[in-house]
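Understanding the architecture of this molecule
Each chain, letter by letter, is given below.
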Amino acid sequence: MPAMSAWVLITGGSRGIGAATALRCAEAGWDVAINYVQDSAAAEALAARLHGLGRRALTLQADVADEAQVVKMFERLDAEGGRLRGLVNNAGIVAPAARLEAMAPERWRRLFDVNVIGTLLCCQQAARRMSTARGGAGGAIVNLSSRAAEFGSGGTYVDYAATKGAVDTLTKGLARELIGEGIRVNGVRPGIIETEIHAASRIDVRAADIAASIPIQRLGRAEEVAEAIAWLLSDAASYTVGALLDVGGGR
Ligand code: NAP
């Protein structure tokens, strides 16, 4: 085990954009902690692939919306040794497409708990470990937002879009709060990416009219988002602070 190995923790790293990011980060030399909430088989299979790339990989089950589980997750990572230098707040959920009047308020609470509170809880734990003011070595945080934060997703999921608007705002604020302590915070705002998340919205993103509505005329791939995340995590992005990087094929 290298004495100064650096961990990146990717929430929701078991599938989709998070899993692609885990692979890209391992290729870039990170040791990767993969958080997931229920799909342990996917997380373990991914960890085996990362081991195959010669990196340390750890799977960490936790619901990011639950403070006690988040605290325990970071403590388990501490126990592995090596410094936490990267955090990707990628865990996120959507809900069935609906108009506002048909939505049950419980879904708003769960969306905000996972997408916003989960991001805040993980940022808090990571900042306590990375802050140079607390003896840390600095680091980088990347928060997954969405192009929906800008468009608002009227008629489908204004609540989900609002959670991502909150993520954008906390990203900009934390970037300014933490840069003096060696922590760069940035956001990535994907457009429509081919992952399993769309099953929950019940929108058929493979319908031809959806691709036709995107200037690049196709959906994005998880790997294309992972590339942007890995760059923001890297020292190559050393002067990039509080940026919201759109990865949406022109939309
Ligand atoms: P996905 O394929 O549905 O994967 C979601 C991941 O999040 C899974 O690893 C899942 O774990 C994990 N997760 C869900 N709830 C969690 C919780 N409470 N605690 C911990 N982990 C949890 O999603 P994706 O499409 O890759 O999306 C990743 C991020 O990008 C999300 O924040 C999403 O809002 C954002 N985004 C996606 C798109 C898109 O078109 N795909 C567009 C814009 C933004 P399990 O495997 O254990 O279920």
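Everything that follows concerns the structure shown earlier in this document.
Let us look at the structure shown here.

1. Let's talk about the packing of aromatic side chains
Applying the stated criterion to the full structure yields one aromatic pair. Measuring from ring centre to ring centre gives 5.2 Å for Tyr157 and Tyr160, while their planes differ by 75°; the resulting arrangement is edge-to-face. A residue is classified by how much of its surface remains accessible, and Tyr157, at 15% relative accessible area, is buried.

2. Focus on the site of the ligand
With respect to spatial proximity, 33 residues lie near the ligand, and among them Ser14, Arg15, Gln38, Tyr160 and Thr195 are the closest. Between an oxygen atom of the ligand and a main-chain N or O atom of Gln38, the distance comes to 2.6 Å. Between the ligand and the protein, one listed contact pairs an oxygen atom with a backbone N or O atom of Asn90 at 2.8 Å. Compared with its free state, where it exposes 910 Å², the ligand has 96% of that area covered by protein. The residue makeup of the shell around the ligand, split by class, is 14 nonpolar, 13 polar and six charged.

3. Let's talk about unusual backbone geometry
Backbone phi values are negative for most residues with the exception of glycine, while trans is the configuration of most peptide bonds. Here Ser153, not a glycine, exhibits a phi torsion of approximately 55°, which is positive. Structurally, Ser153 can be placed in the loop between helix H5 (148–151) and helix H6 (158–178). For Ser153, a relative accessible area of 13% translates into the label buried. Phi is positive for Arg202, close to 60°, though the residue is something other than glycine. Along the chain, Arg202 falls in the loop between helix H7 (198–201) and helix H8 (208–212). Residue class for Arg202 comes out exposed when judged on its relative accessible area of 68%.

4. Digging into the packing of helix H1 (residues 16–27) against helix H9 (residues 222–233)
Contact pair H1 / H9: the axes reach a minimum separation of 8 Å and the direction vectors enclose 55°. The pairing of H1 with H9 is recorded here as oblique in orientation. Here H1 and H9 pass one another in a crossing that is right-handed. Across the interface between the two elements, Gly16, Ile17, Ala20, Thr21, Arg24 and Cys25 of H1 pack against Ala222, Glu223, Val225, Ala226, Glu227, Ile229, Ala230 and Leu233 of H9. Within the contact of H1 with H9, the residues separate by chemical class into nine nonpolar, two polar and three charged.

Analysis parameters
Sequence positions are assigned chain by chain, starting from 1 and proceeding in written order. For this predicted model, a pLDDT threshold of at least 70 governs which residues receive local features, and a threshold of 80 or more governs which side-chain atom pairs are given and counted, while totals over whole chains, interfaces and linings are taken from all residues. No hydrogens and no water enter the side-chain calculation; it runs on all heavy atoms of the structure. Pairing of aromatic rings covers Phe, Tyr and the six-membered ring of Trp, with a centre-to-centre limit of 6.5 Å; geometry is then stacked below 30 degrees between planes, edge-to-face above 60, and tilted otherwise. Relative accessibility decides the category of a residue: with a 1.4 Å probe and only protein chains considered, values under 20% of the type maximum give buried, values over 50% give exposed, and everything between is partly exposed. Near residues are defined by distance, with any heavy atom within 4 Å of the molecule or strand qualifying the residue. N or O atoms within 3.5 Å of each other form a polar contact, as long as, within protein, one can give a hydrogen and the other can take it, and as long as residues adjacent in sequence are counted only when both atoms are side-chain atoms. The Shrake-Rupley method, run with a 1.4 Å probe, gives the accessible areas here. Residue values count only the displayed protein chains as cover. Ten residues, namely Ala, Val, Leu, Ile, Met, Phe, Trp, Tyr, Cys and Pro, are considered nonpolar, four, namely Asp, Glu, Lys and Arg, are considered charged, and the remaining ones, Gly among them, are considered polar. Put simply, DSSP marks the helices as runs of H or I at least four residues long and the strands as runs of E at least two long, and each gets a number from the N terminus on. Fitting a line to C-alpha atoms yields each axis, with helices limited to the stretch in contact; the angle taken between N-to-C directions then spans 0 to 180 degrees. Note on terminology: angles under 35 degrees are roughly parallel, angles over 145 are roughly antiparallel, angles of 65 to 115 are roughly perpendicular, and the others are oblique. Take the far helix as the reference: if the near one is turned anticlockwise from it by less than a right angle, the crossing is left-handed, and if turned clockwise, right-handed. Should any heavy atoms of two residues lie within 4.5 Å, those residues are considered in contact.

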